[in-house]
Amino acid sequence: MSEQHIKLPEGSIEKTTTTLNLGPTHPATHGVMQNILELDGERIVSTEQTIGYIHRAFEKIAERRPLYQITPLTDRLNYCSAPLNNMGWHLTCEKLLGVSTPKRVDYLRVIVMELARISDHLICNSIVGVDSGAYTGFLYVMQYRELIYEIYEEICGSRLTTNIGRIGGFERNFNDIAFQKIEKFLDEYPRVLKEFENLFTRNRIFMDRLIGAGPISAERALNYGFTGPNLRAAGVDYDVRISNPYSSYQDFDFSVPVGTTGDCYDRFLVRNEEMWQSLSIIRQAMQKLTEFKGAEADVYHADVPEYYLPKKEDVYTKMEALIWHFKIIMGEIDMPKGEVYHSIEAANGELGYYMISDGGRAPARLHFRRPCFIYYQAYEELTKGSMLSDAIIVMSSLNLIAGEMDA
Amino acid sequence: MALTNEQIQEKLTAKFGDQVAGFDESWGMLSFEAPKELNLKVLNFLYDEPELKFRFLTDLCGVHDPEKKGKELAVVYHLHNLEDNVRLRFRVFTSIHQPDIYTATGLFSSANWMERETYDFYGVNFVGHPNLKRILNVDEMEYFPMRKEFPLEDQSRIDKDDEMFGRGGTLGFGTEKSESGTVTEAEKHDTGEEII
């Protein structure tokens, strides 16, 4: 405390800083996590994060489940973009099992993944707006997240925790309404995103609040294990879609936006630009889908009888299909032995699955590399010495999802 | 020229001799192991060597295998060389009775929470860690839940009142008491475990 402060009577007050509990149920944390801030006036002296409030022991539960029953667990990691987690998990299983998927499945997956990325970035960026005092943008874009959820609903029947897709492909082909809704989204969303950018990007108040808040250098970001938009905002062009392409991302033409200072404003800009890129990827994928002709145009899964459920009419009429159906549902299929690490570019960064199989029916060990668990530890470094209100902006612009952190 | 797994293996064996072992290249990712005393030396070597530059710690996690006597616990590091885009997996083993391993927090800030998580679930004691305490579980917990000696709950157990979650409890079909409708709530609760 500086000397200009009023001299208090001796012994009247010992502590010169204030402790503030931000969370675990504070509206500004957007999830169940706690920040214990030590404040000198309004300036942050130190922070300590407590997480684990919604820890559900997924890694332990997964040790007894057959592969297809683990997909619903992955839904609950980053629940703002559950399809991305699902796809990452299917790709990991396919890697272990040696399944190669048809091109059409890859493109369908790309569409779903990019829609999920848009819905995640959309929420993150509009929440940054809410936390800096601009509620309008949030409500305005929310209807397009709704449209994305409707598309999920057409594809898989559920909206938030999607359990979308199966090992080897999708449970059914996309129906016409799904394609119509995707077209509608591609048609209307650019205008909305433009409007959203008009509201925020060059808004004086917004810029003043965000520029310089929670910056991080590229070197520190790498050392802290940042990935995804947060790392790219610091100026490192690392994107798993480019460095280790999965699901035929090499067939698509897109660019990787990077920032320079790694502050909240750069993170905002990077996410916005990624939404434009995702839109362009979805458009390319839709174009590629029209190129499939004849029988190829109806392919929606690979041929993996051990893991992909047979058609219902076959189950009732064919012995072999009935056996597979039973074995899959009861989880009675032994996996090949091996250790795989597979990662995808999820909305928050590199989402990795490290699976060890000892030849049993459930993984011997499954570890999730959850990007926001790893980068949240940099929070103290990002906010030290800044104002309390910056701490809240930094939290929302990092896109911390409690489900992902706590697994 | 891009870095290949053979080059990495050569460099490691040139430096550490036969102390680094168990090289494997399944699914294209080089993996190997080293004695636990060497973990920091190996990580430092991988980090500093101008041709290796494994400077990104992708993942750090624990593994428990009770079958391997004397090396029950493993700590697995996934490292990434971002310039040449090469990944590798490096693991060290430790006995479950003295699970001390040097911390990598000096090298990677990201290791801080990942080591806390590993400690939390497997009880690996990271020597030199600045703040080694539980992270996801409650502080009062007295065991390390991801170890294999703690099996998951038997899904067919019936001694628990799990009625709200759709199993056990008073879900008995066609039992006299639940049909008669004369049983009080308290009685139901008392006898709930026997019905089934």
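Please read all numbers here as calculations on a predicted model, not as lab measurements.

S.K.: Just checking my understanding: could you explain unusual backbone geometry for this structure?
M.R.: Phi is mostly negative for residues that are not glycine, and the peptide bonds are mostly trans. Here the phi dihedral of Ser247 of chain A falls at roughly 50°; this positive angle occurs in a residue that is not glycine. Following the sequence through the fold, Ser247 of chain A ends up in the loop between α10 (240-243) and α11 (264-290). We classify Ser247 of chain A as buried; its relative accessible area is 7%. For Trp27 of chain B, which is not glycine, the phi dihedral falls at a positive 55°. Its location among the elements puts Trp27 of chain B in the loop between β1 (21-24) and β2 (30-34).

S.K.: Just checking my understanding: could you explain the pairing of strand β5 (residues 349-357) of chain A for this structure?
M.R.: The two faces of a sheet get side chains in turn, since along a regular strand they alternate between them. Residue and element names in this part refer to chain A. Counting buried positions over the nine residues of β5 gives nine, a clear majority of the element. Counted between consecutive antiparallel strands, the loop separating strand β4 (residues 338-346) from β5 contains two residues. Where β5 meets strand β6 (residues 365-369), five bridges bridge the pair, whose relative direction is antiparallel. Bridged to Ile356 within β6 is Arg365.

S.K.: Help me understand the sheet that holds strand β3 (residues 43-50) of chain A in this model?
M.R.: Sheet strands line up and pair through hydrogen bonds in the backbone, either parallel or antiparallel. All names here are of chain A. With respect to topology, three strands assemble into an open sheet ordered β1-β2-β3, the strand pairing being antiparallel. Every other strand in the sheet has two partners, leaving β1 (18-22) and β3 as the edge strands with one partner each. Ignoring strand direction, the axes of neighbouring strands in this sheet form an average angle of 20°. The pairing of β1 with strand β2 (residues 34-40) spans five bridges and is antiparallel. Looking at β2, one finds that Asn21 is bridged to Ile36.

S.K.: How should I be thinking about the packing of aromatic side chains in this particular structure?
M.R.: Aromatic rings in a pair are described by how distant their centres are and how their planes are angled relative to each other. As enumerated under the stated definition, the model contains 30 aromatic pairs over all chains in all. Look at Tyr376 of chain A and Tyr379 of chain A: their rings are 5.6 Å apart centre to centre, the planes differ by 50°, and that puts the pair in the tilted class. One aromatic cluster is present, formed by Tyr107, Tyr246, Tyr249, Phe252, Phe254 and Phe292 of chain A through successive ring pairs. Above the face of the Tyr47 of chain B ring, Arg55 of chain B is positioned so that its terminal group lies 5.3 Å from the ring centre.

S.K.: Whenever I open this one, the packing of helix α4 (residues 103-131) of chain A against helix α5 (residues 136-156) of chain A confuses me. Can you help?
M.R.: To describe two helices that pack against each other, one gives the angle between their axes and the distance between the axes. Residue and element names in this part refer to chain A. Orientation of α4 relative to α5, taken along the N-to-C sense of each, is 160°, at an axis distance of 10 Å. The pairing of α4 with α5 is recorded here as roughly antiparallel in orientation. Note that α4 runs across α5; the crossing there is left-handed. Side by side, α4 and α5 meet where Val112, Leu115, Ala116, Ile118, Ser119, Leu122, Ile123, Ser126, Ile127 and Val130 of the first sit next to Gly137, Phe138, Val141, Met142, Tyr144, Arg145, Ile148, Ile151, Tyr152 and Ile155 of the second.

S.K.: How do you make sense of the layout of surface pockets when you look at a structure like this?
M.R.: Of the volumes computed, that of the largest pocket is approximately 650 Å³. Around the largest pocket, the lining comprises 26 residues; the ones closest to its centre are Ala57, Lys60 and Ile61 of chain A together with Leu152 and Glu153 of chain B. Where the lining of the largest pocket is concerned, the elements lending two or more residues are α1 (58-62) and α2 (67-75) of chain A together with α3 (111-122) of chain B. Considering every element that reaches the lining of the largest pocket, the biggest residue donor is α1 of chain A, with four residues. Among the residues making up the lining of the largest pocket, the classes are represented as 14 nonpolar, four polar and eight charged. Approximately 550 Å³ is the volume attributed to the second largest pocket.

S.K.: What am I meant to see in the nonpolar core here?
M.R.: Looking at soluble globular proteins, one finds that nonpolar side chains tend to be buried together. Ranked by internal contacts, the top residues of the largest apolar core, which has 160 residues, are Phe185, Tyr189 and Phe226 of chain A together with Val42 and Tyr77 of chain B. Contact partners of Val42 of chain B, with chain neighbours within four places excluded, come to Leu12, Phe16, Val20, Phe32, Ala34 and Phe90 of chain B. Ile356 of chain A together with Cys61, Ala74 and Phe93 of chain B belong to the second largest nonpolar core, which has nine residues in total.

S.K.: Help me out: how do you make sense of the interface of chain B and chain A in this one?
M.R.: When the parts come together, some accessible area is lost, and that loss is often what is quoted as the size of the interface. Across the boundary between the two partners, chain B contributes 42 residues, which contact 43 residues of chain A. The junction of chain B with chain A conceals about 3500 Å² of combined surface from both sides, 54% of it contributed by carbon and sulfur atoms. Scanning the region where chain B abuts chain A turns up six salt bridges. Measuring nitrogen to oxygen at the nearest pair gives 3.1 Å for the salt bridge that ties Lys133 of chain B to Glu48 of chain A. For the pair chain B and chain A, the number of links is 25 residue pairs in polar contact (both at pLDDT 80 or more). For the side of chain B that touches chain A, the elements supplying multiple residues, two or more each, are β3 (56-64), β4 (73-81), β5 (86-94) and α3 of chain B. Among the elements that take part in the side of chain B that touches chain A, β3 of chain B stands out by supplying eight residues, more than any other.

Reading the values: rules and limits
- Residues numbered from 1 in each chain as written.
- Chains lettered and ligands numbered in written order.
- Predicted model: local features only at pLDDT ≥ 70, side-chain atom pairs only at ≥ 80, totals over all residues.
- Heavy atoms only, no water.
- Helix = DSSP H or I, 4+ residues; strand = E, 2+ residues; numbered from the N terminus.
- Buried < 20%, exposed > 50% of the residue type's maximum accessible area, 1.4 Å probe, protein only.
- Pairing = 2+ DSSP bridges.
- Axes fitted to C-alpha atoms, helices over the stretch in contact; angles between N-to-C directions.
- Phe/Tyr/Trp six-rings, centres within 6.5 Å; stacked < 30°, edge-to-face > 60°.
- Lys NZ or Arg CZ within 6 Å of the ring centre and 35° of its normal.
- Parallel < 35°, antiparallel > 145°, perpendicular 65-115°, else oblique.
- Left-handed = near helix turned anticlockwise from the far one by under 90°.
- Contact = heavy atoms within 4.5 Å.
- 1 Å grid on protein atoms, 1.4 Å probe; cavity = no way out; pocket = protein on both sides within 12 Å on 5 of 7 lines; lining within 4 Å.
- Points joined across faces, edges and corners; volume = space filled by probe spheres on them.
- Nonpolar A, V, L, I, M, F, W, Y, C, P; charged D, E, K, R; others polar.
- Core = buried A, V, L, I, M, F, W, Y, C linked by side-chain atoms within 4.5 Å.
- Buried area = accessible area lost by both parts, 1.4 Å probe.
- Salt bridge = Lys/Arg side-chain N within 4 Å of Asp/Glu carboxyl O.
- Polar contact = N/O pair within 3.5 Å; in protein donor to acceptor, adjacent residues only side chain to side chain.

Read these as layout, nothing more, since geometry by itself doesn't imply function.
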